[in-house]
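Descriptive analysis of the structure
Chain by chain, the residues run as shown.
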Amino acid sequence: MLSRKITDGSIFVVFDMEWNQPFPGKTYPFEVSQLSGEIIEIGAVKYEYSNGALIYKGEFSCNVKPEKYTKIHYHVKKVTHKTNADLRTGESLEQSYKAFREFCGDDFILVGWGNSDPDMLKMNLKFFNLDYKLKCFFLDVQPIFSLFAGEKGNQRSVEFAVDYYQIVKDDTFHSAVADARYTGEIFCKIFEHNKAAEVLSVISSSSIDPDIKREYTCVGVEAKDANVAYDQVKGFYEMCPICGKTFQEKIDIFRIRKSYYGLLSCDEHGEFFARTRVKKNKNKNYYAASVLRFATQTDYFLIASKREEYHKYGVSGAPKPEKQEQDEQAKTEK
């Protein structure tokens with residue numbers, strides 16, 4: 001994805017949502033996969049970037065009254081402490097979302113912890129026949145925290161990051177506005193503890209357009225030979241799946257054991273992480289499963305470490321721990 005340049009005056013809206021879930025086994029008059037969760041709360045904190053720091057600009061919070069999942073799911077109740085009575089309060093999704101967008105303003109970057117919230121928001125908007133194009137960039141703070149905290153791409157929780165930066169826990173976790181506050185404070189701490197230029201560089205390259213499909217997959221036909229199976233899907237990496245332009249290879253495709261990795265670039269749509277795994281099916285034939293997605297910080301960590309492994313050990317990769325090797329051998333012999 002092409003980078004979003006950050007300058008003084010850039011607005012960040014850190015947001016979080018809670019949603020109710022359908023009960024397993026219950027029949028609904030619609031396809032549940034089209035609404036795997038229904039939003040019940042939106043919380044957000046707004047910041048303005050200025051001279052290497054984030055300046056607090058305001059807060060938003062609203063309860064959303066669900067229309068389809070009107071009884072609290074036991075798991076959601078356990079996590080959020082909400083009740084059935086809570087679900088009977090609040091505004092409609094349409095009214096809530098309108099108020100949220102007015103809070104955001106015309107030009108902003110949406111920020112969250114993980115990338116599930118934008119997808120859930122778009123799903124809800126689409127299901128209820130509202131405009132589901134977010135028309136803004138989105139930034140996932142989770143891998144950015146991991147980068148600057150030396151976590152090597154580990155997916156840490158908000159609470160882990162709060163403890164890491166010794167942020168005071170004034171609010172209970174798992175309410176939308178509280179998690180938005182904590183995520184915002186973590187975001188501020190990232191700027192406070194690191195060079196602004198480095199943080200801005202990572203943010204610019206990590207911001208994505210949530211209205212564009214982020215991941216593409218391809219599964220090839222089975223073959224008797226692993227190399228033939230891989231050859232079936234090689235063309236998947238030749239052109240950008242959005243515009244059809246020929247990719248440039250930022251990192252040439254390389255192989256470690258049964259997996260192939262690469263970093264590809266499109267002049268219009270930015271950098272893509274590419275990976276193919278060659279596997280065996282139950283008939284003991286080979287097939288190749290490929291993924292192509294907009295590169296994130298986690299992907300950059302992964303491909304950098306794999307490239308280093310490749311330069312050090314070649315196609316065979318790093319020696320596996322003895323127990324892992326024994327387990328894999330046992331599976332092969334079955």
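Details of the structure are given in the entry above.
Model, not experiment: these values are computed from the prediction.

What counts and what doesn't
Residues numbered from 1 in each chain as written. Predicted model: local features only at pLDDT ≥ 70, side-chain atom pairs only at ≥ 80, totals over all residues. Heavy atoms only, no water. Helix = DSSP H or I, 4+ residues; strand = E, 2+ residues; numbered from the N terminus. Rg over C-alpha atoms; globule rule 2.2 N^0.38 Å. Buried < 20%, exposed > 50% of the residue type's maximum accessible area, 1.4 Å probe, protein only. Contact = heavy atoms within 4.5 Å. Areas by Shrake-Rupley, 256 points an atom, 1.4 Å probe, with all protein chains shown as cover. Expected span 1.5 Å × (residues − 1). Axes fitted to C-alpha atoms, helices over the stretch in contact; angles between N-to-C directions. Parallel < 35°, antiparallel > 145°, perpendicular 65-115°, else oblique. Left-handed = near helix turned anticlockwise from the far one by under 90°. Nonpolar A, V, L, I, M, F, W, Y, C, P; charged D, E, K, R; others polar.

**Focus: the overall build of the chain**
Helix and strand content of the chain: 11 helices and 10 strands. Compactness check: the chain gives a C-alpha radius of gyration of 22 Å against a globular reference of 20 Å for 334 residues, within 12% of the reference. Its C-alpha atoms give the chain principal-axis dimensions of about 60 × 55 × 45 Å. Buried residues in the chain amount to 46% of all 334 residues. Across the chain, every contact between residues at least 6 apart in sequence was considered, and the portion connecting residues at least 24 apart equals 67%. Here the chain has roughly 17700 Å² of accessible surface; of this, 47% comes from carbon and sulfur atoms.

**Side note on helix H4 (residues 116-127)**
The end-to-end C-alpha distance of H4 is 16 Å, a good match for the 16 Å that 12 residues give at a rise of 1.5 Å each. Looking at H4, one finds that the buried residues are Asp117, Pro118, Met120, Leu121, Lys122, Asn124, Leu125 and Phe127. Residues of H4 that are buried make contact with strand E1 (11-20), strand E2 (38-50), helix H3 (93-104) and strand E5 (137-140). Positive phi shows up at asparagine 129, right after H4, with a value of about 60 degrees.

**As for the packing of helix H5 (residues 141-148) against helix H7 (residues 176-193)**
At a closest axis distance of 11 Å, the pairing of H5 and H7 adopts a crossing angle of 40 degrees. Taken as axis vectors, H5 and H7 run oblique relative to one another. For the element pair H5 and H7, the recorded crossing hand is left-handed. Side by side, H5 and H7 meet where Val141, Ile144, Phe145 and Phe148 of the first sit next to Thr183, Ile186, Phe187 and Ile190 of the second. Per-class residue counts for the contact of H5 with H7 are seven nonpolar, one polar and no charged.

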